[in-house]
Amino acid sequence: MSKNTNAPARHWIGGKWTESTQIRESFNPSTGAVVGTFYDGGEAEARAAVDTAADAFASTDWGRVHHVRATALERLADALEARVPEIAATLSQENGKLLRETMWEVSAAATWLRYTAASARTQIAGRAAEVAPGQYFHSMPEPAGVVGIISPWNSPVILTVRALGPALAAGCTVVIKLPAQTALTNALFAQVVASVAEIPPGVVNILTETGSEVARHLVASEQVSMISYTGSTPVGRQIAAAAAATLKRLGLELGGKTPIIIFPSADLDIAIPNLLRAATLMNGQFCCTGSRVLVHRDIADQVRTALTDALSQVRLGTWDDETAQLGPLIDRASAERVDALVEEAGSYGTVLVRGGQVTEGPLSSSGAFYRPSLVEVTDTEARIVQEEVFGPVQTFEVFEDEADAVRRANATQYGLAASIFTADPVQARRVGRQVQAGGMWINTWGLLTEHFEQVGVKGSGYGYLGGLKAIEEFQVLKVYAEMDYAVAMG
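Criteria and cut-off values
- Residues numbered from 1 in each chain as written.
- Predicted model: local features only at pLDDT ≥ 70, side-chain atom pairs only at ≥ 80, totals over all residues.
- Heavy atoms only, no water.
- Patch = residues over 30% accessible without salt bridge, like charges linked within 9 Å, V, L, I, M, F, W, Y side chains within 5 Å.
- Areas by Shrake-Rupley, 256 points an atom, 1.4 Å probe, with all protein chains shown as cover.
- Salt bridge = Lys/Arg side-chain N within 4 Å of Asp/Glu carboxyl O.
- Helix = DSSP H or I, 4+ residues; strand = E, 2+ residues; numbered from the N terminus.
- 1 Å grid on protein atoms, 1.4 Å probe; cavity = no way out; pocket = protein on both sides within 12 Å on 5 of 7 lines; lining within 4 Å.
- Points joined across faces, edges and corners; volume = space filled by probe spheres on them.
- Nonpolar A, V, L, I, M, F, W, Y, C, P; charged D, E, K, R; others polar.
- Buried < 20%, exposed > 50% of the residue type's maximum accessible area, 1.4 Å probe, protein only.
- UniProt positions renumbered as here; feature names shortened; annotations may be inferred.
- Pairing = 2+ DSSP bridges.
- Axes fitted to C-alpha atoms, helices over the stretch in contact; angles between N-to-C directions.
- Core = buried A, V, L, I, M, F, W, Y, C linked by side-chain atoms within 4.5 Å.
- Contact = heavy atoms within 4.5 Å.
- Disulfide = S-S within 2.5 Å.

By the naming in an unreviewed UniProt entry, the protein chain is Acyl-CoA reductase-like NAD-dependent aldehyde dehydrogenase, taken from Kutzneria viridogrisea.

In structure tokens, the structure reads:
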């Protein structure tokens, strides 16, 4: 794509388009070409956004009128849905995902908004009881306050909306910090927000940042009541430590190292395509990427051969190539990092498929394309097992029995998701109960819905996104106690 000559993408703060001093470029990871330019935010913009969000929370009725919030969320869904093709195409050109994947992402985000619009209308009540003669208690959910939302570049629209929707439904005001890698997409999403007249100025503020000044201010500010962060486990730990100074509430969806357990009774015609999709969806840059394949010894040879063949034949292509199965990583540095991990793994494991950077042909110009790799290992302490690779790389492990499968599945710090393939539903539940993961897929992988919660355990974080509990994450409960006057007087 040729260089965009339009004005740099701006921030949306206090109901106004805002510029900052630094202008930077956004690059297409498929080609390395400049897609456009953007204003890079920092602490000054963060302070302004937090101040205006705090003012909007204190001075408007946003947090008190449920039907207004529900209507605003419905209008936001309408506005987003109307621009799905434009936003999806821009996102694909900025983070390299295939167009069919970004089309799904933006469309799904609109669906999530409609779900949270319903939450704004229905999840408004507390409870009441007379606990003793003349003693009455009742509880009332209230919005938490100003919420800081920090989203990653791999799926910025849907991962922002998962937090934004319930935060707005609860009555909070928000400051959203979005990544520089998707700056033009961020600006388009801000335009969608700006088009919704039902959202008062200052209720939603959107900033783009290359560094971490905005995020640090959100975490440190006493005006911000809660942080919702999606990203890596190391950064999540830093946020949790820094937030302790103000005792902020946190919702953290962090890294993953999803094990996929395959038992002898599994239908391999179902399992193998899922294994392939688990490695290649979103170019392997997904917190739930199925990066660990655990196979029972009785079918290990069969699965090893089938998966090796499938990964070896993956077709790479640019975002608009309808026949492609895999796009580029976010940049050359990521491809080099992933390749170094695979190269190192060859010293302690067996490399079944040696992918690597594309260095020749039309896809080599950006240096970001990476062919899938598969490495067989036995030691669960191996680095490639323990670290989140964030690329199209899988490890292959053979287990002896259920106990060994569970031991291997639980051998990392992560607990975001896991899959089990078996024809025995009792076995699926028995093993599923023992695997430490917040999400469990049976005979599938990657199946998500806005109707049910997504949650991690261990090093994959805490807090709920989606489902009935999502709005509760952004609410505080106030409890009232009343004494009947006649009873009190005796």
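Chemist: Sorry, what's going on with a nonpolar patch on the surface here?
Modeler: Among the surface-exposed residues, Val131, Phe137, Leu477 and Val479 lie close enough to one another that they form a single nonpolar patch of about 390 Å² accessible area. Positionally, Leu477 belongs in strand β22 (residues 475-483).

Chemist: Would you explain empty space enclosed by the protein in this entry?
Modeler: Unfilled space is identified by rolling a water-sized probe across the atoms. Taken as a whole and assessed by the stated rule, the structure comprises five cavities of 30 Å³ or more. Size it by volume and the largest cavity reaches roughly 90 Å³. Lining the largest cavity we find 15 residues, and of these Gly251, Leu252, Gly463, Tyr464 and Leu465 sit closest to its centre. Listing elements by their share of the lining of the largest cavity, those giving two or more residues are β10 (224-230) and β11 (249-253). Its residues assigned to classes, the lining of the largest cavity comprises eight nonpolar, five polar and two charged. Forming the boundary of the second largest cavity are 14 residues, of which Pro259, Tyr414, Gly415, Ala417 and Gln436 lie nearest the centre. A per-class count over the lining of the second largest cavity returns eight nonpolar, five polar and one charged.

Chemist: So what exactly am I meant to see when it comes to the pattern of salt bridges here?
Modeler: Evaluation of the coordinates by the stated rule reveals 25 salt bridges. The closest approach of N and O atoms between Lys478 and Glu142, which form a salt bridge, is 3.4 Å. With Lys478 in strand β22 and Glu142 in strand β6 (residues 135-143), the pair connects residues that are 336 residues apart, well separated along the chain. Residue Glu142 is classed as partly exposed on the basis of its relative accessible area, which comes to 23%. For the salt bridge of Asp339 with Arg354, the shortest nitrogen-to-oxygen distance reads 2.8 Å. Here Arg354 lies in the loop between β14 (350-353) and β15 (356-357) and Asp339 lies in helix α11 (residues 332-345), a separation of 15 residues in the sequence. By relative accessible area, which is 38% here, Arg354 ends up partly exposed. Among the ionic contacts, a cluster of salt bridges with common partners joins Arg292, Glu397, Asp404, Arg407 and Arg408.

Chemist: I'm lost on the UniProt feature "domain: Aldehyde dehydrogenase" (unreviewed entry) in the protein chain in this one. Help?
Modeler: Taking the numbering used here, the UniProt-annotated feature "domain: Aldehyde dehydrogenase" (unreviewed entry) corresponds to residues 17-478. For residues 17-478, the helix share is 39%, the strand share is 22%, and the end-to-end C-alpha distance is 36 Å.

Chemist: Which parts of the structure should I look at to understand the sheet that holds β22?
Modeler: The pairing of strands in a sheet comes from backbone hydrogen bonds and takes either a parallel or an antiparallel form. With antiparallel pairing, the three strands of this open sheet are ordered in space as β5-β6-β22. Edge positions in the sheet fall to β5 (128-132) and β22, since each of these pairs with one other strand and no more. Sheet twist, expressed as the average angle between the axes of neighbouring strands with direction ignored, equals 25 degrees. Both β6 and β22 contribute to a ladder of nine bridges, which runs antiparallel. If you follow Phe137 over to β22, its bridge partner there is Ala481.

Chemist: Is there a simple way to think about the nonpolar core in this case?
Modeler: The nonpolar side chains of a soluble globular protein tend to be buried, and buried together. The biggest cluster of nonpolar side chains holds 53 residues, and the ones touching the most others in it are Leu80, Leu164, Val204 and Ile206. Put simply, the parts of the chain that give this core at least two residues each are α2 (66-82), α3 (84-95), α4 (99-122), β7 (146-150), α5 (156-170), β8 (173-179), α6 (183-194) and β9 (204-209). The element that contributes the greatest number of residues to this core is α5, accounting for ten residues. Those residues in contact with Leu164 that lie beyond four places of it in its chain are Leu76, Ile149, Val174, Ile176, Phe189 and Val204. In this structure, Met282, Leu363, Phe369 and Phe421 belong to the second largest nonpolar core, which totals 36 residues.

Chemist: For this particular structure, what's the right way to read helix α7 (residues 213-220)?
Modeler: Turn by turn, an α-helix covers 3.6 residues, leaving residues three or four places apart pointing in a common direction. If you check which residues of α7 are buried, you get Val214, Ala215, His217, Leu218 and Val219. In the core, the buried residues of α7 are packed alongside α1 (43-59), β7, β8, β9, β10 and α8 (233-243).

Chemist: Sorry if this is basic, but what is going on with helix α13 (residues 402-409) here?
Modeler: Of the positions making up α13, those classed as buried are Asp404, Ala405, Val406, Arg408 and Ala409. If you follow the buried residues of α13, they end up packed against β12 (259-262), β13 (292-296), β18 (393-399) and α14 (425-434).

Chemist: Even after reading the chapter, I still don't get the state of the cysteines, so can you show me in this structure?
Modeler: Joining two cysteines, a disulfide is a covalent bond between their sulfur atoms. The tally for this structure, following the rule as stated, stands at zero disulfides. Just so you know, Cys288 is unpaired, no disulfide at all, and the nearest cysteine sulfur is the one on Cys287, 4.1 Å from it.

Chemist: Where do I start with the environment of Tyr462 in this structure?
Modeler: Along the chain, the position of Tyr462 falls in strand β21 (residues 461-462). On the basis of relative accessibility, which here comes to 41%, the residue Tyr462 falls in the partly exposed class. Setting aside residues up to four positions removed in sequence, Tyr462 forms contacts with Ala240, Leu250, Gly251, Leu252 and Gly456.

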